[in-house]
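A structural walkthrough
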Amino acid sequence: NVLTLGALAFGLLWLLATGNTWLGGPGWSGLMGLAAAFFALLPSYAWRQLSAGDVKFMMAIGVLAGATPLLGIYLLAALFTLVVILLEYLWRGRVQRKTPYGFGIGLAAVLVILTHWPPPVFAPGAWLVLRGHP
């Protein structure tokens, strides 16, 4: 809680102080990232598939990184967590009821931030560039 809430508070304070996300995106992107992370993981939390710490961690990543990289982080985190589940099944022959999602979120966030993946499809005018228009 101290780390996830601290990161969330840092992201919000950074957003208020600079008007940008920690990665330099516009302020609205940080707020959208926060909301998107919350609403994307809320059903899994309600069905007791994720813990509250996983949701708070993803919300902190959302406010720090912004909405643009959040989809890539979300998809990669799910993939990495699936690999952990498969390895656990192969190793132990069974799977825990709740698999920690935080490892996948952290690894995915680092990879997305370092590689700048996915491309900024949510940026203004990005669809025109992707379609070949200048």
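What counts, and at which threshold
- Residues numbered from 1 in each chain as written.
- Predicted model: local features only at pLDDT ≥ 70, side-chain atom pairs only at ≥ 80, totals over all residues.
- Heavy atoms only, no water.
- Helix = DSSP H or I, 4+ residues; strand = E, 2+ residues; numbered from the N terminus.
- Buried < 20%, exposed > 50% of the residue type's maximum accessible area, 1.4 Å probe, protein only.
- Contact = heavy atoms within 4.5 Å.
- Areas by Shrake-Rupley, 256 points an atom, 1.4 Å probe, with all protein chains shown as cover.
- Expected span 1.5 Å × (residues − 1).
- Bend = angle between axes of the 7 residues up to and from the residue.
- Lys, Arg positive; Asp, Glu negative; His and termini not counted.
- Salt bridge = Lys/Arg side-chain N within 4 Å of Asp/Glu carboxyl O.
- Core = buried A, V, L, I, M, F, W, Y, C linked by side-chain atoms within 4.5 Å.
- Arc of directions from axis to C-beta.

1. Considerations on the overall build of the protein
Broken down by element type, the protein carries six helices and zero strands. Ordered by position from N to C terminus, the α and β elements of the protein give α-α-α-α-α-α. Per-residue burial for the protein yields a buried fraction of 36% across its 134 residues. In the protein, the share of contacts with a sequence separation of at least 24, taken over all contacts with a separation of at least 6, comes to 63%. Of the accessible surface of the protein, which amounts to about 8,400 Å², a share of 74% is contributed by carbon and sulfur atoms.

2. A word on helix H2 (residues 27–46)
The end-to-end C-alpha distance of H2, which contains 20 residues, comes to 29 Å, matching closely the 28 Å that a straight helix rising 1.5 Å per residue would cover. Its maximal kink placed at Ala-40, H2 deviates by approximately 30 degrees, while the proline Pro-43 follows within four residues. The complete set of buried residues in H2 reads Gly-27, Ser-29, Gly-30, Gly-33, Leu-34, Ala-37 and Leu-41. Positive backbone phi, at 60 degrees, marks Arg-48, one or two positions downstream of H2.

3. Some words on the environment of Tyr-101
Inspection of the secondary structure puts Tyr-101 in the loop between helix H4 (67–92) and helix H5 (102–115). According to the relative accessible area criterion, Tyr-101 is buried, its value standing at 7%. In sequence terms Tyr-101 and Gln-49 are 52 residues apart; their C-alpha atoms lie 9.4 Å from each other. Beyond its immediate chain neighbours, meaning those up to four positions away, Tyr-101 contacts Leu-41, Leu-50, Asp-54, Tyr-74, Ala-77, Ala-78 and Thr-81.

4. Structural notes on the side chain of Lys-56
Here Lys-56 lies in helix H3 (residues 52–65). One buried charge, Lys-56, has no salt-bridge partner; the nearest side chain with opposite charge is Asp-54, at 9.7 Å. Here Lys-56 is in contact with Asn-1, Thr-4 and Leu-5, once residues within four sequence places are set aside.

5. Points about the nonpolar core
One finds Met-58 and Ile-73 to be the most contacted residues of the largest nonpolar core, which totals 24 residues. For this core, the leading source of residues is H3, giving eight residues. Ile-73 has contacts with Met-58, Ile-61, Ala-65, Ile-105, Ala-108, Ala-109 and Val-112, leaving out every residue within four places of it along the chain.

6. Structural notes on helix H1 (residues 2–18)
Between its first and last C-alpha atoms H1 spans 23 Å; for 17 residues at 1.5 Å apiece the expected length is 24 Å, and the two agree. Looking only at H1, the buried set comprises Thr-4, Leu-8, Gly-11 and Leu-15. One face of H1 carries all of its buried residues, which in axial projection span an arc of 60 degrees. The exposed set on the far side of H1, more than 90 degrees from its buried face, consists of Val-2, Leu-3, Leu-13, Leu-16 and Ala-17.

7. Some words on the pattern of salt bridges
Counting across every chain of the model gives one salt bridge. Here Arg-92 ties to Glu-88 by a salt bridge, and the two come within 3.5 Å at their closest N and O atoms. In this pair, Arg-92 and Glu-88 both sit in helix H4, four residues apart, roughly one turn of the helix.

By themselves, these observations are geometric and do not establish any function.
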